[in-house]
Amino acid sequence: RDEIRDWSSDVCSSDLSIRILAVTLGLIGGLVACSTDPVNITESGTIADGDSVHPADGSLYDEYTFKAKSGWDISIKMSSTDVDSYLQVRRPGVDDETFMEEADDTGDSRDAELTITAPASGTYQVWANTASSSDRGAYTITIKAEPPK
């Protein structure tokens, strides 16, 4: 069972009549620009047999997908009492690196946390992973992507 959650949020997929009205009234000239909404999601998941298998070490992972704009702050935290949390952030279709950033436990905790700045506008993937290929269990993941404060 591959668990891929897509939290892409694009204004272009919203109510067409609002966009047409805005153009008609002259509030937006020419093309209607699409915008990416900030992301603030917390979800529970489980690393279990049948999940996607990491090609580098055989560990299991769940994938989360979201959109962010260039320069946005992205913060991700994976918490668990069952597994030794491990995170990777990726950009699909970008061949320059296998992954952008990774994080293992924070201090004495089994949680993993990372903060990065989005290098480009587009789609990002988070692999909620474990440090050991034998780990199985529940976790909570929080993903935030928003303009810098």
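Scroll up to find the structure this text is about.
Below is a short write-up of the structure.

Conventions and cut-offs
Residues numbered from 1 in each chain as written. Predicted model: local features only at pLDDT ≥ 70, side-chain atom pairs only at ≥ 80, totals over all residues. Heavy atoms only, no water. Helix = DSSP H or I, 4+ residues; strand = E, 2+ residues; numbered from the N terminus. Buried < 20%, exposed > 50% of the residue type's maximum accessible area, 1.4 Å probe, protein only. Contact = heavy atoms within 4.5 Å. Pairing = 2+ DSSP bridges. Axes fitted to C-alpha atoms, helices over the stretch in contact; angles between N-to-C directions. Salt bridge = Lys/Arg side-chain N within 4 Å of Asp/Glu carboxyl O.

1. Some thoughts on the overall build of the chain
Of regular secondary structure, the chain possesses one helix and ten strands. The linear arrangement of helices and strands in the chain, starting from the amino end, is β-α-β-β-β-β-β-β-β-β-β. Counting only residues that meet the buried cut, the chain has 36% of its 149 residues in that class. Expressed as a percentage of contacts within the chain between residues at least 6 apart in sequence, the contacts between residues at least 24 apart total 77%.

2. Things to note about the sheet that holds strand S10 (residues 137–146)
Backbone-to-backbone hydrogen bonds pair the strands of a sheet. The strands run either parallel or antiparallel. The sheet built from four strands is open, its strands ordered S2-S10-S5-S8 with antiparallel pairing. Pairing within the sheet leaves two strands with one partner each, and these edge strands are strand S2 (39–47) and strand S8 (112–117). Shown here is a sheet whose adjacent strand axes are inclined to one another by a mean of 10°, direction ignored. Sheet topology places strand S5 (residues 73–79) next to S8; six bridges connect them, and they run antiparallel. The partner of Met78 across the bridge, within S8, is Ala112.

3. Structural notes on the side chain of His54
Checked against the element boundaries, His54 lands in the loop between strand S3 (52–53) and strand S4 (60–68). Given a relative accessible area of 7%, His54 falls into the buried group. Those residues in contact with His54, other than ones at most four positions away along the chain, are Ser59, Tyr61, Gln88, Arg90, Trp127 and Asn129.

4. Quick word on the pattern of salt bridges
Evaluation of the coordinates by the stated rule reveals two salt bridges. The closest approach of N and O atoms between Lys149 and Glu146, which form a salt bridge, is 3.7 Å. Owing to a relative accessible area of 28%, Glu146 belongs among the partly exposed residues under this scheme.

Geometric descriptors of this kind do not, in isolation, establish any biological role.
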